[in-house]
Amino acid sequence: MMFRNSCKLLCANFGEVWKLLVYHILSLAFCVGLLAVFYKDYFNFVDIAYSKANMQTVWDTGTMYGSTFANALTIVANFIIYFFEAMFASNIGKGIYFLIIVALVMPLLMNIGKVVTCELMYGYMSACQKQSFTGTFLKTLKTSLAYSSVKVFYALPFNFLIVSAMWGLTRINNDIFDYFMPFVFVIISALLMAFKELLNAGWAPAKVVYDHNVVSSYTIGMRAIFRKGERVFSSAFIIYLLTIVLSMVLGLYAIIIILPIISPLMHIFEMVAFFSNQGMRFYVDNDTILSPKRLEEVDKIEDAKYLL
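The structure contained in this document is the topic of the report that follows.

Calculation rules
Counting starts from 1 at the beginning of each chain's written sequence and moves along it residue by residue. For this predicted model, a pLDDT threshold of at least 70 governs which residues receive local features, and a threshold of 80 or more governs which side-chain atom pairs are given and counted, while totals over whole chains, interfaces and linings are taken from all residues. Each side-chain value is worked out from all heavy atoms of the structure, with water and hydrogens disregarded. Take the buried Ala, Val, Leu, Ile, Met, Phe, Trp, Tyr and Cys residues and link them wherever side-chain atoms come within 4.5 Å; each set so joined is a nonpolar core. Summary of the burial criterion: residues with accessible area below 20% of their type's maximum are buried, those above 50% are exposed, and those between are partly exposed, where the area comes from a 1.4 Å probe applied to protein chains only. Strands here are runs of E lasting at least two residues and helices are runs of H or I lasting at least four, both read from the DSSP assignment and numbered beginning at the N terminus. Every residue pair with non-hydrogen atoms within 4.5 Å of one another is taken to be in contact. Lines fitted to C-alpha atoms define the axes, with helix axes restricted to the stretch in contact, and inter-axis angles between N-to-C directions lie between 0 and 180 degrees. We call two directions roughly parallel when the angle between them is under 35 degrees, roughly antiparallel when it is over 145, roughly perpendicular when it lies between 65 and 115, and oblique otherwise. Residues are grouped as follows: Ala, Val, Leu, Ile, Met, Phe, Trp, Tyr, Cys and Pro are nonpolar; Asp, Glu, Lys and Arg are charged; all remaining types, including Gly, are polar. For a helix, the expected span equals 1.5 Å multiplied by the number of residues minus one. Throughout, the bend at a residue refers to the angle made by two axes, fitted to the seven residues ending there and to the seven starting there. By the criterion applied in these results, polar contacts are pairs of N or O atoms within 3.5 Å in which, for protein atoms, one can donate a hydrogen and the other can accept it, and in which residues neighboring in sequence qualify only through two side-chain atoms. A pairing counts as a salt bridge when a side-chain nitrogen of Lys or Arg comes within 4 Å of a carboxyl oxygen of Asp or Glu. The criterion for an aromatic pair is that two Phe, Tyr or Trp rings (for Trp, the six-membered ring) have centres within 6.5 Å, with stacked assigned to planes under 30 degrees apart, edge-to-face to planes over 60 apart and tilted to the rest.

**Digging into the nonpolar core**
1) Next: The biggest cluster of nonpolar side chains holds 54 residues, and the ones touching the most others in it are Leu9, Met125, Phe185, Val232, Phe274 and Phe275.
2) Next: At 10 residues, helix 13 (residues 259-277) tops the list of elements feeding residues into this core.
3) Next: The contacts of Phe185, once residues within four sequence positions are left out, are Phe69, Leu73, Met166, Leu169, Ile244 and Met248.
4) Next: Listed in part, the 22 residues of the second largest apolar core include Tyr23, Val105, Leu109 and Phe133.

**Side note on the packing of helix 7 (residues 141-170) against helix 8 (residues 175-198)**
1) Next: Contact pair helix 7 / helix 8: the axes reach a minimum separation of 10 Å and the direction vectors enclose 175 degrees. Classified by the angle their axes make, helix 7 and helix 8 are roughly antiparallel. Where helix 7 approaches helix 8, its residues Ala155, Phe158, Asn159, Leu161, Ile162, Ala165, Met166, Leu169 and Thr170 are matched on the opposing element by Phe177, Met181, Val184, Phe185, Ile188, Ser189, Leu192, Met193, Phe195 and Lys196.
2) Next: When its residues are assigned to classes, the contact of helix 7 with helix 8 shows 15 nonpolar, 3 polar and 1 charged.

**Focus on helix 5 (residues 92-127)**
1) Next: Its 36 residues give helix 5 an end-to-end C-alpha distance of 52 Å, which sits within 8% of 52 Å, the value for a rise of 1.5 Å per residue.
2) Next: The sharpest bend along helix 5 measures roughly 30 degrees and falls at Ile101.
3) Next: Where helix 5 begins, the side chain of Asn91 points an oxygen toward the backbone nitrogen of Gly93, at a separation of 2.9 Å.
4) Next: Looking one or two residues beyond helix 5, the residue adopting positive phi is Cys128, at roughly 55 degrees.

**A few points about the pattern of salt bridges**
1) Next: Considering all chains together, one arrives at 3 salt bridges under this definition.
2) Next: Between Asp41 and Lys94 there is a salt bridge, with the nearest N and O atoms lying 2.9 Å from each other. Residue Asp41 is located in helix 3 (residues 39-52), and its partner Lys94 is located in helix 5; the two are separated by 53 residues in the primary sequence.
3) Next: Residue Asp41 is classed as partly exposed on the basis of its relative accessible area, which comes to 26%.
4) Next: On the accessibility criterion, Lys94 (16% relative accessible area) is buried.
5) Next: Between Glu270 and Lys114 there is a salt bridge, and its shortest N-O distance comes to 3.0 Å. You can see Glu270 sitting in helix 13 and its partner Lys114 sitting in helix 5, a full 156 residues away along the chain.
6) Next: Among the residues examined, Glu270 registers a relative accessible area of 2% and is labelled buried.

**Details of the environment of Gly229**
1) Next: Checked against the element boundaries, Gly229 lands in helix 11 (residues 229-250).
2) Next: The exposure class assigned to Gly229 is buried, which follows from its relative accessible area of 8%.

**As for unusual backbone geometry**
1) Next: The phi torsion at Cys128 lies on the positive side, around 55 degrees, for a residue other than glycine.
2) Next: Looking at where Cys128 falls in the secondary structure, it is placed in the loop between helix 5 and helix 6 (133-139).

**Observations regarding the packing of aromatic side chains**
1) Next: Tallying each qualifying case throughout the model produces 22 aromatic pairs.
2) Next: An angle of 55 degrees between the planes, with centres 5.8 Å apart, marks the rings of Tyr23 and Phe137 as tilted. Here the residue Tyr23 occupies a position in helix 2 (residues 14-35), and Phe137 occupies one in helix 6, the gap between them amounting to 114 residues.
3) Next: Among the residues examined, Tyr23 registers a relative accessible area of 12% and is labelled buried.
4) Next: Residue classification places Phe137 among the partly exposed positions, given a relative accessible area of 21%.

**Focus on the side chain of Ser148**
1) Next: For Ser148, the position within the fold is in helix 7.
2) Next: Apart from residues lying up to four places away in sequence, Ser148 is in contact with Leu108, Asn111 and Ile112.

**Examining the side chain of Thr243**
1) Next: Along the chain, Thr243 falls in helix 11.
2) Next: For Thr243, a relative accessible area of 14% gives the class buried.
3) Next: For Thr243, the side chain forms a polar contact with the main-chain oxygen of Ile239, separated by 2.7 Å.

Function-wise, these values are silent; they only describe arrangement.
Given below as structure tokens:
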């Protein structure tokens with residue numbers, strides 16, 4: 001139900017997808033501009049890693065064909081390792097600068113866009129109201145900066161866990177396992193990302209709806225999401241599972257078709273999960289209002305104190 005309602009809201013507000021895509025492109029361009037200060041060095045590191053990892057052979061492998069997929073994933077993992085090895089061996093300062101831009105500045109900008117999208121969806125879901133993306137961006141900038149600054153550091157352990165798990169899969173050297181590699185990769189990736197989503201899904205919506213500080217918003221969001229945590233987790237798992245499988249099948253075409261959609265879809269999904277678990281009525285489209293069960297109908301007795 002959450003997945004279906006999220007898709008309905010995405011279709012009803014598809015204009016926001018393009019606006020968020022433009023924002024993401026501008027954010028990416030800004031980060032690339034910052035990295036361009038040392039562009040010659042970074043291109044050199046890429047060239048070194050490309051040769052050492054034999055990246056050219058990736059284009060000869062299949063997508064979902066057992067050992068060829070395992071080989072392609074291993075080559076890509078090796079390319080990333082060689083890139084960082086060459087970069088830090090050449091100049092530690094440039095390596096740290098690269099990590100700051102990619103691991104901190106870029107996620108910071110993306111999370112600002114997330115708050116803006118949640119704010120836009122709050123207006124639509126609560127009052128069927130359309131708002132300006134730019135106006136909402138400026139109005140919520142102070143709030144979104146506070147949320148994004150904390151969220152960036154909070155997400156680092158989760159991102160490290162996901163990357164480490166994917167890297168660990170590429171270190172398994174077994175001919176039989178190679179044939180199961182595509183399925184293991186898809187399932188583990190989807191499970192880890194769904195787990196991360198479960199622990200983050202209510203944060204931005206609570207911040208937007210109740211306008212509390214970052215810490216209080218996280219507490220409210222977690223409490224709301226865990227009322228139906230298994231449904232949120234299973235829905236997130238399905239979304240990520242479909243996304244990963246389609247990305248593997250479509251390859252480079254996923255950048256054009258899937259990636260622009262998955263980000264706003266997940267933002268909308270978080271708003272739907274929060275509204276549903278809080279028992280808040282909301283518009284699914286211009287003609288349909290959904291009325292979830294009220295809190296007193298879904299909460300346990302020991303949770304009744306939170307209704308006040």
